[in-house]
Amino acid sequence: MELEAIPGVGAKTAAALRELDDPIATVESGDVAAIARAPGVNEARAARIARGAIRRRHDDAERVLATDRAREVYREAIDLLRERTVTDYAAKRLETFYPSASASRIAEAQTFVESAVERDPDPAVREALAGVEPLTDPPTVRVRDRCLATAEAETLARAEAAVPELSVETVEDARDVSELARSYATVIVLDEEFAGLDVEGDVHVRPGALDDPAETVPERLLAFFAANRERLEAAAAVHEAAAATGDPVADGDPAADPDALRDALARLDDDGTIVGDEELERLTAAVDDLDAAVSTAESVADDRLREAIRERDVTIEGTDFLSLVEQGARVDSLLDRELADEYDEATARAREHLADALRLEPEEAELAARVFGDDPSFPMDHDETAVSRLRTELSAARDRRAARLKAELASDLGDLREPVEELVRDALELDVELAIARFAADFDCAMPEVVAPESPDPGFRIEGGRSPLLDVGFADVEPVDYAVSGATLLSGVNSGGKTSTLDLVALVVVLAQMGMPVPAESAAVERFEEIHYYAKSQGTLDAGAFEATLRDFGDLVEGADGRLVLVDELESITEPGASAKIIAGILEALDEQDATAVFVSHLAREIRDAADFDVAVDGIEAAGLVDGELRVNRSPKKGHLARSTPELIVEKLAGDRDTDFYGDLLEKF
């Protein structure tokens, strides 16, 4: 499949998607988080791309939602589902479900949903989900203690593209490599021709280094895990919480063992450096504290010499001698002659303090001893060259150990790289499933039967349907039974629930063709090619708007096979007499096309009289007025022209008043 063949994917987006490791497989998977890893593609855009790929796979045209009101019902359905998600990912992922006319797509979605509704939306699992987000790619980490070297221009270009974390240097011979080894802690030579190279420093000839970035630049992998630490730990917690409920995220064990993951992450700091290794911590502290330790060691030696000078009986008073010394008088010969032992002791104390303060190993302590020479001086002075040499050796030891530990940890984490992707993806997908499960539980849903248009029972059948779109608590919604096949008029009193019934029908059909459960005890729905829902017009239309509306219906009735048409009080667009004739004509055309249609109208009697066929009329029957309030049987009664509210009021007055006036009025109905 070509990326540009996906609906909504142009050349620019396709170029961004090709930056993914396996763009075709990623897009076809429907994994919104993985698609969103493409440069410049956010999760909302990724959801649209995934939806387009699904349509492409099922050869599914985007035309089911044919009117604004039909699209509004879909958005309301999606919002009901999204309200039950925890993660932003799940909210976007749900938008990959849409009303489809493809049998294969509906079946595919139903398979996912049927498994989802069996989930247990346990509060502990949902709480753990709050910390889960799609994994992110951290910015490129610059590594300055290591470089790549090559004599080939082509290799240099490939190295710069493959390993942007490292500097790539050009070399011609061993001398160039040796020069690099003095500037970098580690040099990796990429050319086979340098095999057997013998130069001083940490130099490796590895022609295959670009094929193994985890070994060449382990910082890349460590940065990834450091940047995603909280997300990974949250995903692990989700798997553990779900397992504790007896409803694990996936069959079998999690893709990555949570304990092994936590152990590996415990060795990594938030900035991608290694933690928990005492030797590395010692070397790091020694490098950081070297200057301060040298200064303190000098003070220790000076204090010892001051004490010795004060206590010695020399030709001049000790206090005067000390004053001369501190004023800069040359005392080398005096110290050498009079205080040689004391100077040696002070030097030993300085060396001992330096070694102890930095926790130096014996070999390092020998190098540190050179910092304080044997030539007498006061105050004690240090050899800066020796300090620099010690710093270089400690830094190199630190870097070598850090590099080894990074490589070891990267090796451990490298084995977890793909499993943690799956670990997080499974946790995020669980949120999608739990949202569907909560939706099904909150609205007492059932999985509908979606039948082919040529089925013996086309149209729709809803039993015990309750709409969650009403402005009342769902528990207070009265259930509705309704079934229609063919063109039908729906009559009923004002505020009797006719519009609510249309909304329920539209919602059930939309959800069913999304592959979702529906808010009903049971339902069967024809797989409609298009859903046309026309909401009630706000007042009579002027001539231009009236003509445009008629054009819409003219287009509608041309080839109306496989369409569901829901219309709410079309008579409001013009005068009642003309409206009845127009609606009758539309119903005749729809009947000839075997379309399923429900027209809500107060002109059912007039429309039936004007039609050239036996129009089916259903009615939402009012039981009567009780204390001034309408009592209604919400389920439409088949083949029944419902009485209007005025007729009910006249009937009530005829029964209450002893007069012929109301009885005569009633007979006119």
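For the structure, check the block above.
Read on for an overview of the structure. Please read these numbers as outputs of a predicted model, since none were measured by experiment. (Residues numbered from 1 in each chain as written. Predicted model: local features only at pLDDT ≥ 70, side-chain atom pairs only at ≥ 80, totals over all residues. Heavy atoms only, no water.)

Moving on to the nonpolar core. One finds Leu17, Phe225, Val238, Leu413, Val420, Met514 and Met516 to be the most contacted residues of the largest nonpolar core, which totals 117 residues. Of the residues forming this core, the biggest block, 12 residues, is contributed by helix H21 (residues 417-442). Discounting residues that sit within four places of it in the chain, Leu413 has contacts with Leu221, Leu222, Phe225, Ala264 and Leu268. (Core = buried A, V, L, I, M, F, W, Y, C linked by side-chain atoms within 4.5 Å. Buried < 20%, exposed > 50% of the residue type's maximum accessible area, 1.4 Å probe, protein only. Helix = DSSP H or I, 4+ residues; strand = E, 2+ residues; numbered from the N terminus. Contact = heavy atoms within 4.5 Å.)

This brings us to the layout of surface pockets. Reported here for the largest pocket is a volume of approximately 1,200 Å³. If you go around the largest pocket, you meet 35 residues; those closest to its centre are Asp21, Arg37, Asp137, Arg417 and Glu421. Broken down by secondary-structure element, the contributors of at least two residues to the lining of the largest pocket are helix H2 (23-29), helix H3 (32-35), helix H9 (153-162), helix H12 (218-227) and H21. Take the lining of the largest pocket: its biggest share by element is 7 residues, from H21. For the lining of the largest pocket, a count of residues per class yields 19 nonpolar, 3 polar and 13 charged. (1 Å grid on protein atoms, 1.4 Å probe; cavity = no way out; pocket = protein on both sides within 12 Å on 5 of 7 lines; lining within 4 Å. Points joined across faces, edges and corners; volume = space filled by probe spheres on them. Nonpolar A, V, L, I, M, F, W, Y, C, P; charged D, E, K, R; others polar.)

Our next topic: the packing of helix H19 (residues 362-369) against helix H20 (residues 384-414). One can describe the packing of H19 onto H20 by two numbers: an axis separation of 9 Å at closest approach and a directional angle of 160°. By the angle class used here, H19 and H20 are roughly antiparallel. Helix-helix and strand crossings are classified by hand; for H19 and H20 the assignment is left-handed. The residues of H20 that touch H19, namely those facing Glu364, Leu367 and Ala368, are Arg389, Leu390, Glu393 and Leu394. The class makeup of the residues in the contact of H19 with H20 is 4 nonpolar, no polar and 3 charged. (Axes fitted to C-alpha atoms, helices over the stretch in contact; angles between N-to-C directions. Parallel < 35°, antiparallel > 145°, perpendicular 65-115°, else oblique. Left-handed = near helix turned anticlockwise from the far one by under 90°.)

Let's shift gears to the side chain of Asp277. By secondary structure assignment, the location of Asp277 is in the loop between helix H14 (258-265) and helix H15 (278-311). Polar contacts involving the side chain of Asp277 include one to the main-chain amide nitrogen of Leu280, which spans 2.7 Å. Residues contacting Asp277, with those up to four places away along its chain left out, are Arg401 and Leu405. (Polar contact = N/O pair within 3.5 Å; in protein donor to acceptor, adjacent residues only side chain to side chain.)

Turning to the environment of Ala161, a few remarks are in order. Mapping Ala161 onto the fold places it in helix H9. The exposure class of Ala161 is exposed, given its relative accessible area of 63%. Considering only alpha carbons, one finds Ala161 and Leu210, 49 residues apart in sequence, at a separation of 9.9 Å.

Here the focus is the pairing of strand S8 (residues 487-492). Working note: regular strand, side chains alternate between the two faces of the sheet. Within S8, 6 of the 6 residues are buried, leaving the element largely enclosed by the surrounding structure. Of the two faces of S8, the one carrying Ala487, Leu489 and Ser491 and the one carrying Thr488, Leu490 and Gly492 are both buried. Here S8 runs beside strand S12 (residues 596-600); their pairing, made up of 4 bridges, is parallel. Across the sheet, Thr488 pairs through a bridge with Val598, a residue of S12. Relative to strand S13 (residues 616-620), S8 runs parallel, the two being bridged by 5 bridges. (Pairing = 2+ DSSP bridges.)

This part covers unusual backbone geometry. Unlike most non-glycine residues, Arg359 shows phi in positive territory, near 55°. Tracing the sequence through the fold places Arg359 in the loop between helix H18 (340-358) and H19. For Arg359, a relative accessible area of 48% corresponds to the partly exposed category. The phi dihedral of Glu569 is positive, around 50°, even though this residue is not glycine. Relative to the elements of secondary structure, Glu569 occurs in the loop between strand S11 (563-568) and helix H24 (576-592).

On to the packing of helix H13 (residues 229-244) against H14, then. Interaxial distance between H13 and H14 falls to 10 Å at its minimum, and their mutual angle equals 160°. The angle between H13 and H14 falls in the class roughly antiparallel. When you trace H13 past H14, the crossing you get is left-handed. Seen from H13, the contacting residues are Arg229, Leu232, Glu233, Ala236, Ala237 and Glu240; seen from H14, they are Pro258, Asp259, Leu261, Arg262 and Leu265.

A few words on the sheet that holds strand S1 (residues 146-150). Taken together, the 4 strands give an open sheet; going across it, the order is S2-S1-S3-S4, and neighbouring strands pair in parallel fashion. Looking along the sheet, the strands with just one partner apiece sit at the ends: strand S2 (167-170) and strand S4 (203-205). Averaged over all pairs of adjacent strands, the angle between strand axes in this sheet comes to 25°, irrespective of strand direction. With 4 bridges joining them, S1 and strand S3 (residues 186-189) adopt parallel strand pairing. Note that in S3 the partner of Cys147 across the bridge is Val187. Lying over the sheet, H9 contacts S1 and S2, oriented at roughly 170° with respect to S2. The sheet contacts of helix H10 (residues 174-183) involve S1, S2, S3 and S4, and relative to S3 the element is tilted by about 150°.

Inspection of the secondary structure assignment puts Thr488 in strand S8. Look past the residues within four positions of Thr488 in its chain and what remains in contact with it is Tyr482, Ala597, Val598, Phe599, Ala616 and Asp618.

Among the residues of H10, Val177, Ser178, Leu180 and Ala181 are the ones counted as buried. An end-on view of H10 places all buried positions within 160° of arc, on one side of the element. Along H10, the residues that are exposed and aim more than 90 degrees away from the buried face are Arg175, Arg182 and Ser183. Looking at the buried residues of H10, the elements they touch are S1, S2, S3 and S4. N-capping of H10 is provided by Asp173, with a side-chain oxygen placed 3.2 Å from the backbone N of Arg175. (Arc of directions from axis to C-beta.)

Ordered in space as S5-S9-S6-S7, the 4 strands form an open sheet in which the pairing is mixed. Every interior strand has two partners, whereas the edge strands, strand S5 (449-451) and strand S7 (480-484), have only one. Recorded for the sheet is a direction-independent mean angle of 15° between the axes of neighbouring strands. Its contacts with the sheet place helix H22 (residues 498-514) against S5, strand S6 (460-465), S7 and strand S9 (522-526), and it is angled at close to 75° to S9.

Mapped onto the secondary structure, Arg631 falls in strand S15 (residues 629-632). Sequence separation between Arg631 and Gly496 is 135 residues, and the spatial gap between their C-alpha atoms is 8.4 Å.

We now examine the packing of aromatic side chains. Summed over all chains, the structure comprises 5 aromatic pairs. A centroid spacing of 5.7 Å and a plane angle of 40° characterise the contact between Phe97 and Phe112, whose relative ring orientation is tilted. With Phe97 in the loop between helix H6 (88-93) and helix H7 (103-116) and Phe112 in helix H7, this pair connects stretches of sequence that are 15 residues apart. Since its relative accessible area comes to 2%, Phe97 is described here as buried. Following the ring pairs from residue to residue traces out a cluster consisting of Phe439, Phe443 and Phe474. Positioned above the aromatic ring of Phe224, the side-chain terminus of Arg417 is 3.6 Å from the ring centre. (Phe/Tyr/Trp six-rings, centres within 6.5 Å; stacked < 30°, edge-to-face > 60°. Lys NZ or Arg CZ within 6 Å of the ring centre and 35° of its normal.)

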